[in-house]
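Read off the chains here:
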Amino acid sequence: MTDTTRLKSELNQREDLQHLLFRRGYLFSNRPDIDLSGYPFYNHWNREQVNSEFYLYLHNEQHKYIFRRDGLTLVLVGHAYDPFAMVSDENVILENCANAYLSGKETFLDAVSSLTGIHLIAVFSGQENLFVQDCSGMKSCYYGACGENIYITSHCAVIGDIDAPKKNAFAQKLLQSRSFTHGSKYLPGDLTIYEGFSRLGPNLYLRLCDALFSVKRFYPAAPHPEVSQDDREIAEKIAKLIKNNTALCAEKWKRPAISLSGGVDSRTTLASANGNYDKFQYYSFFSKPQEKSDAQAAHNICQALGLEHKIYPIAEENEAYPDFDLYRQIVLHNSAGISPLKDNEVRKYIFLSTLNDFDVELKSWASEIGRAFWERRYGFQLPDKLVPRHFSIFQTRYFGAPLLLRQSDKAYAEFLEKSSFTYPMYNYENSDLFYWEYRFGSWGTIVTNGQDIFNFEVTMPLNNRKIMDMFLWYPHAFRRADGVNQAVTVINEPKMQEIAFNVHNDYLNKKRLLLETVYYRYRMFLK
């Protein structure tokens, strides 16, 4: 947990670091009187009236775009680009979304699903207010009310800094338990650290009407097509769209860079830059010895393609960074105390918070959604229907904590009902949607939020709902064997077929797979 009093006291003396608190954050509220001069905003945020009821508070390093027409207001926070229409201008995108909304909500949501990037889109129509995230929910969205004060924000902790929400007792117990130190760092269901506040999540939209919040699923809305592993046409379409995204990134930013690990997802993104190789920088870093092999693998791939690649070694001692402890506090508070970082991660965040070699990082996230990745963790096929207990044990190791486990099951059961996830949806695999909506929408959004402390923006060329949907059209076994990624990679860069890859995934080593499997069966058996 964060010691807010200590953090505030130390930041009050450090004007040079104050901008890192809730960096690139946003806050929609009906409050016009939030003081932006002191903690936690320190004059790094601005206020703009959206309509007669709501205001947008925005960190001065965050982007926002507003479109108004005949009482309709749309706001886009973050960035977006459309690989189907080849549009990189958010003002054009927002106008297209407004036209789609006027044609109907389904048309609007279909238009939103065509977009790539990291963003939140809000619609204020007079009758209702809607909020929808990017494909995998990387632009976080927490919502709720303290009395009559309404908040929709990127950072849950900001609510506690400006108001007096009641802390969630179960969340506090879980965060302080030994169980939470083993597993993924996020809370069950849509819980937050405060009562009355929730997390939104991918493939859902938030509706606010007459001061009441409701959540509705809009994807998937129908069965997806099913194609054979030999279907070249769909692989070529996916490859083209990802390549379009990479080209749009080169158009949007002046100094784009692609971060590489040498793995499957990384190679997919790198290959998509073919034809625009000269417009990007290529880099890797290592903050611990185990990451050196990944960085070297990426270096070898770039070398084989004739591309210059830079490796950034990050100091292995905390003493190399005099403000190490204060940075740790800032990052922890930005995650509402949910995601404490290991020392090497803190050192990495410090290093990247001042790096000025490029203005955007192209990260290869979201591709894992289509790779049946969660099943690899356990080494066997998961059941067609997942129940709350699956969600609990996929998240945290509840050793010797049966009460916490049952409370977690209850939180998941409530959110599964709320988000219409209580049954398999059409021909979509539950385990794929779990990874998409819970692994990314919970853990992923916290990590991405934390990375807003970096000195450059982060974008994800594969973070597009329609593209991810096409990955899922292929057979399960083919996706699990990385067949789709490999096909797409070679289509975009045929030379990849000739390059030898030797990247060891420590996460999927035999010992870990065995332990995960034993724990899975143990907790599914014991209620």
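Residues numbered from 1 in each chain as written. Predicted model: local features only at pLDDT ≥ 70, side-chain atom pairs only at ≥ 80, totals over all residues. Heavy atoms only, no water.

Caption draft 1: Fine view of the nonpolar core. Counting residues in each nonpolar core, the largest one holds 154 residues, and the members touching the most others are F28, F108, I152 and I238. When residues in this core are grouped by element, the largest group, 8 residues, is from helix α14 (residues 430–450). Each residue touching F28, except ones within four places of it in the same chain, is listed here: V50, Y55, L56, V75, V77, L120, A122, F124, F131, I150, Y151 and I152. Counting residues in hydrophobic clusters, the runner-up holds 22 residues, among them L248, Y277, A298 and C302. (Core = buried A, V, L, I, M, F, W, Y, C linked by side-chain atoms within 4.5 Å. Buried < 20%, exposed > 50% of the residue type's maximum accessible area, 1.4 Å probe, protein only. Helix = DSSP H or I, 4+ residues; strand = E, 2+ residues; numbered from the N terminus. Contact = heavy atoms within 4.5 Å.)

Caption draft 2: Local environment of the environment of D432. In this structure, D432 sits in helix α14. With relative accessibility at 4%, the residue D432 sits in the buried group. When the C-alpha atoms of D432 and F373 are compared, they prove to be 8.0 Å apart, with 59 residues separating the residues in sequence. Non-local contacts of D432, meaning those with residues more than four positions away in its chain, are made with I369, A372, L472 and R479. Engagement of the side chain of D432 in a polar contact is seen with the side chain of R479, the distance being 2.8 Å. (Polar contact = N/O pair within 3.5 Å; in protein donor to acceptor, adjacent residues only side chain to side chain.)

Caption draft 3: Representation of the pattern of salt bridges in the model. Taken as a whole and judged by the stated rule, the model has 27 salt bridges. Linking R6 and E10 is a salt bridge whose minimum nitrogen-to-oxygen distance equals 2.9 Å. Residue R6 and its partner E10 are both found in helix α1 (residues 4–11); the two are separated by 4 residues, about one turn of the helix. With a relative accessible area of 36%, R6 lands in the partly exposed category. By relative accessible area, which is 26% here, E10 ends up partly exposed. Of the charged contacts in the structure, one is a salt bridge between D190 and K418, with a shortest N-O distance of 2.7 Å. Placement of D190 in the loop between α5 (169–176) and β10 (197–199) and of K418 in helix α13 (residues 402–418) is noted, with a sequence separation of 228 residues between them. Accessibility expressed as a relative area gives 8% for D190, which makes it buried. (Salt bridge = Lys/Arg side-chain N within 4 Å of Asp/Glu carboxyl O.)

Caption draft 4: Region of interest: the packing of helix α6 (residues 232–252) against helix α17 (residues 483–492). Across the interface, α6 lies against α17 with an axial gap of 9 Å and an inter-helix angle of 65°. By the criterion of interaxial angle, the relationship of α6 to α17 is roughly perpendicular. When the axes of α6 and α17 are compared, the crossing they make is right-handed. Counted together, R232, A235, E236, I238, A239, I242 and K243 of α6 and V484, A487, V488, I491 and N492 of α17 form the full contact between these two elements. Grouping the amino acids of the contact of α6 with α17 by side-chain chemistry returns 8 nonpolar, 1 polar and 3 charged. (Axes fitted to C-alpha atoms, helices over the stretch in contact; angles between N-to-C directions. Parallel < 35°, antiparallel > 145°, perpendicular 65-115°, else oblique. Left-handed = near helix turned anticlockwise from the far one by under 90°. Nonpolar A, V, L, I, M, F, W, Y, C, P; charged D, E, K, R; others polar.)

Caption draft 5: Local environment of the sheet that holds strand β1 (residues 26–29). Spatial ordering of the open sheet is given by β2-β3-β1-β9-β8-β10, a layout of 6 strands whose pairing is antiparallel. At either end of the open sheet lies a strand with only one pairing partner, and these are β2 (45–49) and β10. Ignoring which end each strand starts from, the neighbouring axes of this sheet average 15° apart. Lying over the sheet, α14 contacts β8 (142–146) and β10, oriented at roughly 110° with respect to β10. (Pairing = 2+ DSSP bridges.)

Without other data, these values stay purely geometric and don't point to any function.
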